[in-house]
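# Observations on the three-dimensional arrangement
Listed below, chain by chain, are the residues.
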Amino acid sequence: MAETMTREQRTVLTIAVLASFVSFLDGTVVNVALPAIAGELGGGLSTQQWVVDAYLVTLGAFILVAGSLSDVFGRVVVLRVGLIGFGITSVAIAAAPTAEFLIVARAVQGIAGALLVPSSLALITSTFRGPAQARAIGIWTGATTVAIIAGPLIGGIFVDTLSWRLAFLVNVVPIAVTMWLLVRLGHRDHRRPGARVDIVGAVLCAVGLGGVVFALIEQPNLGWASPVIWLPGLIGAAAFIGFIVRQRLARDPMMPLDLFRARNFWAGNLATVFVYAALSLNGFVVSVYLQQGAGLSATLAGLASLPSTLLMILLSSRMGALAGRYGPRLFMTLGPVLMALGSLLLLSVRDDFDYWTQVLPGIVVFGLGLTVTVSPLTAAVLGAIETERSGIASAVNNAVSRVAGLLAIAAVSAVVGGSLDLDGFHRAAIVTAALMLLGAAASFVGIRNHLSRTD
């Protein structure tokens, strides 16, 4: 079907893939670099969590704002601003003199990253129709998921051969190519008359996520009884409740609650919560443990995920097409079950570590489940909403996935028991499997095949 694409469609798909690739890659390239960052700039497990979550807090909070900004200023304009901001903050991170500076730069980078994904996916859904749209979403999802999985490998190579700092500059080339393609596209930008940005909602969302994440990450150091922990947590929870109330009352909400009236939209986002929380927990724990616990180099730790990457490259587009033909329910149920099985296979990891017998089988099964899941999940969520609202629908789904990952990383200390040793690694594998099974259950119970957009 790809050969029937017009020149404009091919260009739009390439732009969407490259722009989103940058955001997803930088979200995971950091995982394998965490031990090297902590070694040079100082800090323990909580610092490593903050390096990841500073990016995810602002990304999760402002990705919804980005959907509104796309409606107000146009998708291409927002995409350009996001690419420029992402490039500048990448340079700042590479030059970070302290852990605190790096964490702040990562937070700012999350804002830039939030501008990229919704506009990219909205370009696809407004350019493609019917089965071609399902295939295009499959290609986009496969490419961006490859970025998520390949990030640790790319980061590992840079850490071992050059520097962890240069790993954050790897996105300079795709940013430049995407900017050039945007000029070539000459796409007429789409703006929604009367659209507004909900600034109050954005502030409530950011404070809500930031407060809860701060409490979760720092709790092992100070305990829940400390006002430094429970007060930010309480403020964060209250702000997030205020955010939900605001979305119900605002004239132009960032997250229109009426979207959740569509069955496949709410069910798909519920599955997203469990699946992406598990993905983030698994990615963080495996990358760090293989280096600090099993003693692998950063490159070898990154290579551990290569089988999953290859499966995504080979099969993701096909899975998107099959889901378009047969419906997403089977794929969204079977995929997480396979990932749960892959996680449980990691319980075979022992002190006498052997990658080929203890890790590889789980990685392969996990990767197969991931390939089966992601394209149908994206297609189900976006297919439930009318095309003209695809920008905000994609923003909500991406925000849900990032917030799920954010909270999973924040809870790492509680999951592993305060220390990422072998016992902690096993506990994380069990929790990952449990989350995946919840995602499978949400899909089986909630998802329906071939619903109209009004159902």
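Residues numbered from 1 in each chain as written. Predicted model: local features only at pLDDT ≥ 70, side-chain atom pairs only at ≥ 80, totals over all residues. Heavy atoms only, no water.

Looking now at the side chain of N171. Of note, N171 is situated in the loop between α7 (164–167) and α8 (172–185). Residue N171 is classed as buried on the basis of its relative accessible area, which comes to 0%. Looking at N171, its side chain comes within polar contact range of the side chain of S90, at 3.3 Å. Contact partners of N171, with chain neighbours within four places excluded, come to V22, D26, F86 and S90. (Helix = DSSP H or I, 4+ residues; strand = E, 2+ residues; numbered from the N terminus. Buried < 20%, exposed > 50% of the residue type's maximum accessible area, 1.4 Å probe, protein only. Polar contact = N/O pair within 3.5 Å; in protein donor to acceptor, adjacent residues only side chain to side chain. Contact = heavy atoms within 4.5 Å.)

What follows concerns the environment of N31. Mapped onto the secondary structure, N31 falls in helix α1 (residues 7–41). Measuring from C-alpha to C-alpha, the distance between N31 and G155 comes to 7.9 Å, with 124 residues separating the pair along the chain.

Domain assignment breaks the chain into domain 1 (8–190), domain 2 (199–251) and domain 3 (259–454). The centre of domain 2, based on its C-alpha atoms, is set 26 Å off from the matching centre of domain 3. On the domain 3 side, the residues contacting the six residues of domain 2 number five residues. Between domain 2 and domain 3, the buried area comes to about 520 Å², and carbon and sulfur atoms account for 87% of it. Interface area lost by domain 2 to domain 3 is led by L209, V213 and L216, which between them contribute 65%. Applying the counting rule to domain 2 against domain 3 returns zero salt bridges. Taken together, the connections running from domain 2 to domain 3 amount to zero residue pairs in polar contact (both at pLDDT 80 or more). (Domains from an automatic or database assignment. Buried area = accessible area lost by both parts, 1.4 Å probe. Salt bridge = Lys/Arg side-chain N within 4 Å of Asp/Glu carboxyl O.)

This part covers the pattern of salt bridges. Pairing is possible between side chains of opposite charge, provided their charged atoms come close. Taken as a whole, this structure holds one salt bridge when the rule is applied. Between E40 and R165 there is a salt bridge, and its shortest N-O distance comes to 2.7 Å. With E40 in helix α1 and R165 in helix α7, the pair connects residues that are 125 residues apart, well separated along the chain. For R165, a relative accessible area of 18% translates into the label buried.

This paragraph deals with the nonpolar core. By size, the foremost hydrophobic cluster in this structure holds 136 residues, and its most contacted members are I37, I124, F265 and F284. With 17 residues, the single largest contributor to this core is α1. Look past the residues within four positions of I124 in its chain and what remains in contact with it is V12, L13, A16, A136, I137 and W140. Membership of the second largest hydrophobic core comes to five residues, among which are M319, A323, F331 and V372. (Core = buried A, V, L, I, M, F, W, Y, C linked by side-chain atoms within 4.5 Å.)

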